[in-house]
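Observations on the three-dimensional arrangement
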Amino acid sequence: QMRRHQSWYRARVLGLPCGTGPNAGDTSSLGNMLTAQDGARGMNFLTPEIHEVARERLQEGQGTVEEFRLLHNLLSSQPMCFNLFGPLVRDHALATLLWRALLGDEVAAVTRVRLEYAPLPAAEYLDDRTAFDAFVEYRRPDGALCFTGVETKLTEPFSQSGDYSQAQRRYQRWLERAELPWRPDRLSEVDAKEHNQLWRDHLLAFAMVHHPRSSYAAGRLLPVRHDGDRRCEQTVARYRGLLRPDDDTFLDQPLSRLVAPWEGAVAQQGLEDRVAWLAAFRRRYLSLHESGSGGLP
């Protein structure tokens, strides 16, 4: 459904020919791929502003940003992440408005937004390539500094790399702490392949809060998944079952339930350019009925 919708979006909304992929150097024509020329001029992004944010992030040259996938693959969750969070990188007033719509009065002001972010040096945290797709830092009304690490999924499964033997070597210093969000009787299950990536993201958030020199009072992991991705929904539900009943460090957010309050917030403030951005986002990722690909349940 999503491949058909992205192919429709390229052909009917953008009016562009298809490119080849899914990897650089591949010669198979795919409806959800952009040509080299169209990818280079930012056609995978909803606005020129988001394209500029993507170019700046690529120029930084670190982290897990994959240039070909970001610029050319309409079906990838990486450009979706930039299309959703890119405008917040430069506009912290907008970020504050939207993060307050998500978390309520807990958010006094957003202070930083990064895409494809992991703290450095990695050896002081998980000592691997785990990174958040988006990272939002904010202050609470009491002045305490907090953050939300975001993992976005469109159609891809969670990465299944890693095993518990690796966890024992790299992550044991964090797993020995008393404040863990996981149930003690389920701790041996946290790194199961189906949700290994979720666990590592969550552990990274935990490590950032409990690092000896941490400036954060609290941190959360927010997986943002497409409403129609039942496999992802089930994986997230099984992972949530491993958490303590009183845990508040893991927030599951279907895509439509994130976008809807944001749409209301920008409309209420009369931010017409941001209303247009979210309308374009909804058409690109949520309005599957427009392409005849089906609708959300």
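Refer to the structure above for everything that follows.
All values derive from a computational prediction rather than experimental measurement.

Rules used in this analysis
- Residues numbered from 1 in each chain as written.
- Predicted model: local features only at pLDDT ≥ 70, side-chain atom pairs only at ≥ 80, totals over all residues.
- Heavy atoms only, no water.
- Helix = DSSP H or I, 4+ residues; strand = E, 2+ residues; numbered from the N terminus.
- Polar contact = N/O pair within 3.5 Å; in protein donor to acceptor, adjacent residues only side chain to side chain.
- 1 Å grid on protein atoms, 1.4 Å probe; cavity = no way out; pocket = protein on both sides within 12 Å on 5 of 7 lines; lining within 4 Å.
- Points joined across faces, edges and corners; volume = space filled by probe spheres on them.
- Nonpolar A, V, L, I, M, F, W, Y, C, P; charged D, E, K, R; others polar.

**A look at unusual backbone geometry**
In terms of backbone geometry, most residues other than glycine have negative phi values and most peptide bonds are trans. Residue Pro22 follows Gly21 across a cis peptide bond; omega there is 10 degrees. Note on placement: Pro22 falls in the loop between β1 (19-20) and β2 (29-30). Here the amide bond leading from Leu120 into Pro121 is cis, since omega sits at -5 degrees, within 30 degrees of zero. Within the secondary structure layout, Pro121 lies in the loop between β3 (109-117) and β4 (132-139). The backbone of Glu116 sits at a positive phi, close to 50 degrees, despite the residue not being glycine. By the element assignment, Glu116 lies in strand β3.

**Points about the side chain of Asp229**
Tracing the sequence through the fold places Asp229 in the loop between β6 (218-225) and α9 (230-240). Side-chain polar atoms of Asp229 contact the backbone nitrogen of Arg231, separated by 3.4 Å.

**As for the layout of surface pockets**
Looking at the largest pocket, its volume works out to about 490 Å³. As for the largest pocket, its lining consists of 22 residues, of which Thr64, Arg69, Glu151, Ser159 and Gln197 are closest to the centre. Every element with two or more residues in the lining of the largest pocket is listed here: α5 (77-90), β5 (145-153) and α8 (196-210). When grouped by side-chain class, the residues that make up the lining of the largest pocket number three nonpolar, eight polar and 11 charged. Computed from the structure, the second largest pocket encloses a volume of approximately 290 Å³. What lines the second largest pocket is a set of 19 residues, among which Gly63, Ala118, Pro119, Leu120 and Thr130 lie closest to the centre. Among the residues forming the lining of the second largest pocket, the class breakdown is nine nonpolar, four polar and six charged.

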